[in-house]
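Chain by chain, the residues run as shown.
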Amino acid sequence: MLEISVFLCGAVVMVIELTGSRVLAPYLGTSLVVWTSLIGIILASLSLGYWWGGRVADRRPEARLLGRIILLAALATAAIALTKSFVLGFLQSQGAGLHAAAVWSTLLLFAPPAVLLGMVAPFAVRLKLSDTQTSGRTAGDLYAISTIGSIVGTFLAGFVLIAWLGSTNILLLMAAVLALASLLAARSGVRLKAAACVLFLAALLVTVDYDARLAAGGFVDRDTAYNRVIVFKGVDDDTGRLMRVMITGPQATQSAMYMDAPAELALRYTRHFRLVEHFVPEMKRMLVLGGGGFSFPKYALAHYPDVRVDVVELDPGVTTLAREYFELKDHPRQRIIAEDARTFLNRNRESYDAILCDTFNSHYAIPFHLTTLEAVQRMHAALAPNGVVLVNLISALSGDRSRLFHAMFATYTRVFPRVLAFAVRNPQDGASWQNVMLAAFASADEPRLTATDPEMAAMLAKRLDVPAGAGVAPLTDDYAPVDRFIMSAW
């Protein structure tokens, strides 16, 4: 029974670590900083647990004490589910930088159960030691069992649990598993441990029912294979119209749809993708990298009757939500490809009149492999001779916080003969984060920058005067420090 308990504890460690990324994502994103904090602090916590567990076991080698330690780990795991919103909301309200917020969040939420679970393997080794002649084998066997459990937990979390259960539900389920492991480690306190297991499972059932009722009311919090996605109803501040909103990262709306007009463009930055009809009025084929709520593909199908649209969306779960809540329908002129955008570009041999890149959901998490010279070269190769690439990114326009913008502008300028940039909100506001639209042209001809359509003319008037050589080198697959560019300005 002790071996089973060690196996379960090893599995739970990795489930908690992987689930941690989904817990932190709505507040802190999923950047390299967040993953570094999770991995580093959990490893440090496990190391502390190994050290502490070995010393406690030498003083009191009692199975009953090991059972209590595992039960405490169960309570600490359940505490993550109960306190995560409060802790993360509080840290976010303090205005700490991302590095500090990621470290403190991981310390407060995930270090306690990780320390306690780290104590299990050395404690179990001490309990199993009966002969110094086989002490090495005993230690090796138990640590191997714990590691195998961690491997199983890794695949279980990544392939099954996160795709089917929300992060809160996973944590409560893991708390119940640890309560069972506590019972297997020591038969003492059977009623308490059984009660804890039943309590955690009951809480799990309550949260599942609560999630179902929220979904029925229009609020969805769903973990997909790649994202934690939140969908809810809101009101447009500018028009007062009812909207449905999709969020996949902090401080940014990924997609939005007017409830009374699903094909209308609700977000300001998506309306700037209309520049494509101005620059390539005779377009026949369009490639959209990043589907989300499929705002612009729906608009394109409704307003450009001769255009065929290919949409590359990495996350099938996001596409499913778009079908359920954003009026995404099958269409004979639309093809949806569930694939990473860079992978698609690498293998693509087709030609497009327009490529729209909408893969940067926020400035917290940048898919660096889509910002590099090599990725831009693949876009250029996929573009027709008179085509255009439109890229939506989030950046400041000047100062340290603008380095991502200038790096991407330099990267596209290295490949395309002509590149323009347009501010989505205010070209005079250089310090604030805002959406910026890059337009890269396959032809060196001067694009037309006047229009009779008032909205189009207003967008064209927000063209930015980007100084040549802003001191930032083009990004490459070998070196694309996008995390440093956006984080060091905080």
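Reference entry: report on the structure contained in this document.

Definitions and limits used
- Residues numbered from 1 in each chain as written.
- Predicted model: local features only at pLDDT ≥ 70, side-chain atom pairs only at ≥ 80, totals over all residues.
- Heavy atoms only, no water.
- Pairing = 2+ DSSP bridges.
- Helix = DSSP H or I, 4+ residues; strand = E, 2+ residues; numbered from the N terminus.
- Axes fitted to C-alpha atoms, helices over the stretch in contact; angles between N-to-C directions.
- Contact = heavy atoms within 4.5 Å.
- Parallel < 35°, antiparallel > 145°, perpendicular 65-115°, else oblique.
- Left-handed = near helix turned anticlockwise from the far one by under 90°.
- Nonpolar A, V, L, I, M, F, W, Y, C, P; charged D, E, K, R; others polar.
- 1 Å grid on protein atoms, 1.4 Å probe; cavity = no way out; pocket = protein on both sides within 12 Å on 5 of 7 lines; lining within 4 Å.
- Points joined across faces, edges and corners; volume = space filled by probe spheres on them.
- Buried < 20%, exposed > 50% of the residue type's maximum accessible area, 1.4 Å probe, protein only.
- Salt bridge = Lys/Arg side-chain N within 4 Å of Asp/Glu carboxyl O.

## Some remarks on the sheet that holds strand β11 (residues 434-441)
And then number 1: Overall, mixed pairing links the seven strands, which are arranged β7-β6-β5-β8-β9-β11-β10 in an open sheet. At either end of the open sheet lies a strand with only one pairing partner, and these are β7 (334-337) and β10 (418-423). Looking at each pair of strands side by side, their axes are set apart by 15° on average, direction ignored.
And then number 2: Pairing of strand β8 (residues 352-357) with strand β9 (residues 383-395), which is carried by five bridges, proceeds in the parallel orientation. From the neighbouring strand, Ala354 faces β9, where its bridge partner is Val388.
And then number 3: Of the strands in this sheet, β5 (285-289), β6 (308-312), β7 and β8 touch helix α12 (residues 295-303), which is tilted by about 170° from β6.

## Considerations on the packing of helix α1 (residues 2-28) against helix α7 (residues 135-164)
And then number 1: Where α1 meets α7, the closest approach of the two axes is 6 Å, and the angle between their N-to-C directions is 40°. Taken as axis vectors, α1 and α7 run oblique relative to one another. Here the hand of the crossing between α1 and α7 comes out right-handed.
And then number 2: Looking at side-chain class alone, the contact of α1 with α7 contains 13 nonpolar, eight polar and two charged residues.

## Topic: empty space enclosed by the protein
And then number 1: Applying the stated criterion across every chain, the model contains two cavities of 30 Å³ or more.
And then number 2: One number sums up the size of the largest cavity: a volume of about 80 Å³.
And then number 3: Gly291, Ser295, Phe296, Pro297 and Asp358 are the residues nearest the centre of the largest cavity, which is lined by 14 residues in total.
And then number 4: Residue assignment for the lining of the largest cavity shows that the elements contributing at least two residues are α10 (268-271) and α12.
And then number 5: For the lining of the largest cavity, a count of residues per class yields seven nonpolar, six polar and one charged.
And then number 6: The volume enclosed by the second largest cavity comes to roughly 50 Å³.

## Concerning the pairing of β9
And then number 1: With respect to burial, β9 is a largely interior element, 11 of its 13 residues being buried.
And then number 2: Relative to β11, β9 is paired through eight bridges, and the arrangement is antiparallel. In the strand pairing of β11, Asn392 is matched with Met437.

## Here we look at the pattern of salt bridges
And then number 1: Overall, the coordinates contain 23 salt bridges when judged by the stated rule.
And then number 2: With its nearest N and O atoms 2.7 Å apart, the salt bridge here joins Asp310 to Arg335. Separated by 25 residues along the polypeptide, Asp310 in strand β6 and Arg335 in strand β7 bring together distant segments of the chain.
And then number 3: When its relative accessible area of 36% is taken as the criterion, Arg335 is described as partly exposed.
And then number 4: Arg335 is paired through a salt bridge with Glu350; the nearest N and O atoms lie 3.4 Å apart. Placement of the pair is Arg335 in strand β7 and Glu350 in the loop between α14 (341-347) and β8, with a sequence separation of 15 residues.
And then number 5: You can call Glu350 partly exposed: its relative accessible area is 33%.
And then number 6: If you follow the salt bridges from partner to partner, you end up with Arg271, Arg274, Glu277, Asp453 and Glu455 in one network.

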